[in-house]
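Chains, contacts and geometry: an overview
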Amino acid sequence: MSGVNKNIVILISGSGSNMAAIVETARTQRWQARFGARVAAVISNKAAAQGLVWAKEQGIAAAALDHTAYDSREAFDAALMAEIDRHGPALVVLAGFMRILTPGFVQHYEGRLVNIHPSLLPAFPGLKTHQRAIEMGCRVAGASVHRVTSELDHGEILEQAVVPVLPGDTAETLSARVLTQEHLIYPRAVERLLSV
Ligand code: GAR
């Protein structure tokens, strides 16, 4: 990824722990000095998202855009694009952003849009990934960082992490085990994109 001032915009809907992992890695791995990259903004579709509070405390521009205030998916995505584009992003990072995106949005950020999904894609796109992995008797589970295409939870896989599914696991215990790995692979994948 060429050029200086590589702004990263992160979209969240909830706790934002992956966002925090990326912000912290940006700091410890000196992304600004090495790649001219910084997390310029964090945007949530839910005003109550805990991650917004944390981002503000870090001095990062943090905004909420309530999707329920818009008549259509297209109208929300248009407003979201306008908010994102104020920061001229080199990368738009979906980190627990629980919205289906319109094809127009995906096209607009083609080549700059990545997501993390809590399964070993192409297995278990969609929701309730941990419960489904347990019910299927999977011995392993994990997470995938991938490029975003207009097909939900598809697109080139950039990083994956594998964890065991242990006897007695619930969706909660498995989710917690996977999340610790997400916090490692997502910053690593973003760093790799910044470094090329
Ligand atoms: C993460 O497990 C992420 O993989 C998942 O939501 C969680 C967000 O946690 N994303 C999806 O399910 C996307 N379809 P976080 O807000 O603490 O980063």
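Located above this text is the structure these notes cover.
So, here's what we can say about the structure. Small disclaimer: the values here were computed from a predicted structure and weren't measured. (Residues numbered from 1 in each chain as written. Predicted model: local features only at pLDDT ≥ 70, side-chain atom pairs only at ≥ 80, totals over all residues. Heavy atoms only, no water.)

**Quick notes on the layout of surface pockets**
One number sums up the size of the largest pocket: a volume of about 930 Å³. Lining the largest pocket are 38 residues, and of these G96, F97, M98, H117 and P118 lie nearest its centre. Elements with a minimum of two residues in the lining of the largest pocket: helix 1 (17-28), strand 5 (113-117), helix 6 (129-135) and helix 7 (171-195). In terms of residue count, helix 7 provides more of the lining of the largest pocket than any other element does, four residues in total. In the lining of the largest pocket, the residues fall into 14 nonpolar, 18 polar and six charged. (1 Å grid on protein atoms, 1.4 Å probe; cavity = no way out; pocket = protein on both sides within 12 Å on 5 of 7 lines; lining within 4 Å. Points joined across faces, edges and corners; volume = space filled by probe spheres on them. Helix = DSSP H or I, 4+ residues; strand = E, 2+ residues; numbered from the N terminus. Nonpolar A, V, L, I, M, F, W, Y, C, P; charged D, E, K, R; others polar.)

**Side note on the site of the ligand**
For the ligand, the full set of nearby residues is S15, G16, S17, N18, G96, M98, I116, H117, P118, L179 and E182. At 2.7 Å, a side-chain N or O of S15 approaches an oxygen atom of the ligand. Between an oxygen atom of the ligand and a main-chain N or O atom of G16, the distance comes to 2.8 Å. Protein contact buries 83% of the 450 Å² of open area that the ligand shows by itself. For the ligand, the cavity whose grid points lie within 2 Å of the majority of its atoms is the largest pocket. Contributing elements (two or more residues each) for the shell around the ligand: helix 1, strand 5 and helix 7. Of the residues in the shell around the ligand, the class split is four nonpolar, six polar and one charged. (Near = heavy atom within 4 Å. Polar contact = N/O pair within 3.5 Å; in protein donor to acceptor, adjacent residues only side chain to side chain. Areas by Shrake-Rupley, 256 points an atom, 1.4 Å probe, with all protein chains shown as cover. Sits in = over half its atoms within 2 Å of the grid points.)

**Concerning the packing of aromatic side chains**
Scanning the model with the defined rule gives two aromatic pairs in all. Ring centres 5.7 Å apart and planes at 65° place the aromatic pair Y70 and F76 in the edge-to-face group. Given the relative accessible area of 29%, Y70 is considered partly exposed. Residue classification places F76 among the buried positions, given a relative accessible area of 0%. Pairing F105 with Y109 gives two aromatic rings, centres 4.9 Å apart and planes at 55°, and the pair type is tilted. In this pair, the class of F105 matches that of Y109, namely buried. (Phe/Tyr/Trp six-rings, centres within 6.5 Å; stacked < 30°, edge-to-face > 60°. Buried < 20%, exposed > 50% of the residue type's maximum accessible area, 1.4 Å probe, protein only.)

**Things to note about the environment of A78**
Along the polypeptide, A78 turns up in helix 4 (residues 73-85). Residue classification places A78 among the partly exposed residues on the basis of a relative accessible area of 42%.

**Side note on the packing of helix 1 against helix 7**
Running from N to C, helix 1 and helix 7 cross one another at 50°; their axes reach a closest spacing of 9 Å. When the axis of helix 1 is compared with that of helix 7, the two are oblique. Crossing of helix 1 against helix 7: the hand is right-handed. Residue-level inspection shows S17, N18, A21, I22 and T25 of helix 1 in contact with helix 7, the latter providing L179, E182, H183, Y186, P187, V190 and E191. Tallied by class, residues from the contact of helix 1 with helix 7 come to six nonpolar, four polar and two charged. (Axes fitted to C-alpha atoms, helices over the stretch in contact; angles between N-to-C directions. Parallel < 35°, antiparallel > 145°, perpendicular 65-115°, else oblique. Left-handed = near helix turned anticlockwise from the far one by under 90°. Contact = heavy atoms within 4.5 Å.)

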